[in-house]
Amino acid sequence: MMPTGKALQLTIFIEECDTWHHRPLSAEIVHRAHEAGLAGATVLRGVEGFGASSVMHGFRLLSIKQNLPLAIMIIDDEERIRRFLPTLRELIDEGLVIVEDVDVVHCAVPRQAQGGVRA
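Let us look at the structure shown here. Here the structure is a predicted model, which is why all the values come from computation and not from measurement.

Re the overall build of the protein
Then comes step 1: Helix and strand content of the protein: two helices and eight strands.
Then comes step 2: The linear arrangement of helices and strands in the protein, starting from the amino end, is β-β-β-α-β-β-β-β-α-β.
Then comes step 3: Considering the protein as a whole, with its 119 residues, one finds that 30% of them fall into the buried category.
Then comes step 4: For the protein, the computed accessible surface area is about 8200 Å², with 55% contributed by carbon and sulfur atoms.

Here it is, written out as structure tokens:
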């Protein structure tokens, strides 16, 4: 578990329809982050947006296929984040990856470490 203090935030911007070997790319990134022992990963679904292609993506009530923007956020110490970057280069053809310094002000201890049962 990452201690309170300085860390790096990795934010990955992709699209909901992006895949890796017929599997959602977001799921593959989260799975690989878990395998790499990173502190955690969260996938956020955007309501609307556009990227370098200038194509607008957003929720359309009557559309069968939704292609919403996704942001995957991972926060951990610098060494672990930097070690994970080559994995992203392997997985992502199109998208934006941002690495930035952050201050972690609170970090909960896993229930397992407290002697409880993990949910």
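Details of the pairing of strand S7 (residues 69-76)
Then comes step 1: Most of S7 is tucked away, with six of its eight residues classed as buried.
Then comes step 2: Pairing geometry for strand S1 (residues 5-15) and S7, over eight bridges, is antiparallel. Looking at the pairing, Ile12 lines up with Ile72 of S7.
Then comes step 3: The pairing of strand S4 (residues 41-45) with S7 spans five bridges and is classified as antiparallel.

Digging into the nonpolar core
Then comes step 1: In terms of nonpolar packing, the biggest core is built from 17 residues, with Leu10, Ile12, Ile29, Ile74 and Leu88 touching the most fellow members.
Then comes step 2: Those elements giving two or more residues to this core turn out to be S1, helix H1 (25-35), S7 and helix H2 (78-91).
Then comes step 3: If one sorts the elements of this core by residue count, H2 sits on top with five residues.
Then comes step 4: Setting aside chain neighbours within four positions, we find Ile12 in contact with Ile29, Leu70, Ala71, Ile72, Ile74, Leu88, Ile92, Leu96 and Val97.

Some points on the sheet that holds strand S8 (residues 96-104)
Then comes step 1: Across the sheet, four strands lie side by side as S4-S7-S1-S8; this open sheet has antiparallel pairing. At either end of the open sheet lies a strand with only one pairing partner, and these are S4 and S8. Direction aside, the axes of adjacent strands within the sheet are offset by 25 degrees on average.
Then comes step 2: Against the sheet, H1 makes contact with S1, S4 and S7, and its axis sits at roughly 5 degrees relative to S7, the strand it touches most.
Then comes step 3: Sitting on the sheet, H2 is in contact with S1, S7 and S8, with an inclination near 20 degrees to S1.

Side note on H1
Then comes step 1: Considered for burial, the residues of H1 that qualify are Leu25, Ser26, Glu28, Ile29, Arg32 and Ala33. Looking down the long axis of H1, one finds its buried residues gathered within 160 degrees of arc, a one-sided arrangement. Among the exposed residues of H1, those pointing more than 90 degrees away from its buried face are His34 and Glu35.
Then comes step 2: Looking at the buried residues of H1, the elements they touch are S1, strand S2 (19-20), strand S3 (23-24), S4, S7 and H2.
Then comes step 3: Following H1 by one or two positions, Gly37 has its phi on the positive side, about 80 degrees.

How each quantity is defined
Once a new chain begins, its residue numbering starts again from 1 and follows that chain's sequence as written. Per-residue local features are limited, in this predicted model, to residues with pLDDT of at least 70; the limit for side-chain atom pairs, both in listing and counting, is 80 or more; totals at the level of whole chains, interfaces and linings are taken over all residues. Water and hydrogen atoms were dropped before computing side-chain values, which therefore reflect all heavy atoms in the structure. Helix and strand definitions here come from DSSP, where helices need a minimum of 4 consecutive H or I residues and strands a minimum of 2 consecutive E residues; each element is numbered from the N-terminal end. Categorising residues by exposure relies on relative accessible area from a 1.4 Å probe, with only protein chains included: less than 20% of the type maximum marks a residue as buried, more than 50% marks it as exposed, and the intermediate range marks it as partly exposed. Methods summary: accessible areas were calculated by the Shrake-Rupley approach with a probe of 1.4 Å, and residue burial reflects only the protein chains presented. Between any two strands, pairing holds if DSSP finds at least two bridges. Buried Ala, Val, Leu, Ile, Met, Phe, Trp, Tyr and Cys residues that are joined via side-chain atoms within 4.5 Å together make up what is termed a nonpolar core. The contact criterion used throughout is that any non-hydrogen atoms of two residues lie within 4.5 Å. The axes used here are C-alpha line fits, helices contributing only the stretch in contact, and every angle between their N-to-C directions lies in the interval 0 to 180 degrees. Starting at the helix axis, one direction is taken to each C-beta atom, and the arc is that of these directions.

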